[in-house]
Amino acid sequence: MIETITKCRNGLGVRIPHDIAHQHGLTNGSNVTIRATETGIVIEPVDKDLSLDDMLSQINDSNRHDEIDFGNQGKELL
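Here the structure is a predicted model, which means the values were calculated and not measured.

## Quick look at the overall build of the protein
Now for step 1: Of regular secondary structure, the protein possesses 2 helices and 4 strands.
Now for step 2: Ordering the α and β elements of the protein from the N terminus gives β-β-α-β-β-α.
Now for step 3: Viewed in the frame of its principal axes, the protein has a C-alpha envelope of about 60 × 30 × 30 Å.
Now for step 4: The burial tally for the protein puts 5% of its 78 residues in the buried class.
Now for step 5: By sequence separation, contacts in the protein at least 24 residues apart represent 0% of the contacts at least 6 residues apart.
Now for step 6: Element-wise, carbon and sulfur atoms account for 52% of the exposed surface of the protein, whose accessible area totals about 7900 Å².
Now for step 7: Distance between charge centres in the protein, computed from 7 positive and 13 negative side chains, equals 6 Å.

## Regarding the environment of E3
Now for step 1: One can find E3 in the segment before β1 (6-8).
Now for step 2: The sequence separation of E3 and R15 amounts to 12 residues, and the corresponding C-alpha distance is 6.8 Å.
Now for step 3: With near-sequence residues (within four places) excluded, E3 lies in contact with V14, R15 and P17.
Now for step 4: Within the structure, E3 has its side chain in polar contact with the side chain of R15 (distance 2.9 Å).

## So, the layout of surface pockets
Now for step 1: Estimated volume of the largest pocket: approximately 920 Å³.
Now for step 2: As for the largest pocket, its lining consists of 24 residues, of which V14, I16, V32, I34 and I43 are closest to the centre.
Now for step 3: For the lining of the largest pocket, the class distribution of residues is 15 nonpolar, 6 polar and 3 charged.

## Focus: the pattern of salt bridges
Now for step 1: Inspection of every chain in the model, using the stated rule, returns 2 salt bridges.
Now for step 2: Between R15 and E3 there is a salt bridge, with its nearest N and O atoms 2.9 Å apart. Taken together, the positions of R15 in the loop between β2 (11-13) and α1 (18-23) and E3 in the segment before β1 put the pair 12 residues apart, joining distant regions of the chain.
Now for step 3: Classification of R15 as exposed rests on a relative accessible area of 51%.
Now for step 4: Accessibility expressed as a relative area gives 28% for E3, which makes it partly exposed.
Now for step 5: Across the pair E44 and R35 runs a salt bridge whose closest N-O atoms are separated by 3.8 Å.

Analysis parameters
- Residues numbered from 1 in each chain as written.
- Predicted model: local features only at pLDDT ≥ 70, side-chain atom pairs only at ≥ 80, totals over all residues.
- Heavy atoms only, no water.
- Helix = DSSP H or I, 4+ residues; strand = E, 2+ residues; numbered from the N terminus.
- Buried < 20%, exposed > 50% of the residue type's maximum accessible area, 1.4 Å probe, protein only.
- Contact = heavy atoms within 4.5 Å.
- Areas by Shrake-Rupley, 256 points an atom, 1.4 Å probe, with all protein chains shown as cover.
- Lys, Arg positive; Asp, Glu negative; His and termini not counted.
- Charge placed at Lys NZ, Arg CZ, Asp CG, Glu CD.
- Polar contact = N/O pair within 3.5 Å; in protein donor to acceptor, adjacent residues only side chain to side chain.
- 1 Å grid on protein atoms, 1.4 Å probe; cavity = no way out; pocket = protein on both sides within 12 Å on 5 of 7 lines; lining within 4 Å.
- Points joined across faces, edges and corners; volume = space filled by probe spheres on them.
- Nonpolar A, V, L, I, M, F, W, Y, C, P; charged D, E, K, R; others polar.
- Salt bridge = Lys/Arg side-chain N within 4 Å of Asp/Glu carboxyl O.

Here it is as structure tokens:
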């Protein structure tokens with residue numbers, strides 16, 4: 001089955017056909033993991049809701065963002 005990559009917000013998206021989504025228990029709002037391999041991209045369903053500790057354990061130097069200075073908006077420094 002061939003699908004087309006489309007622009008989706010600030011990234012790209014691909015439509016997952018209903019029969020494949022149903023086969024793997026995916027519905028609107030389901031969590032999935034996405035990872036790159038040497039031969040392609042793997043999308044896998046997440047069996048459980050991730051806890052905060054689970055999510056924090058996935059932070060590493062390659063996906064950590066720099067601080068953003070929004071400046072002073074009021075009397076924060078007083």
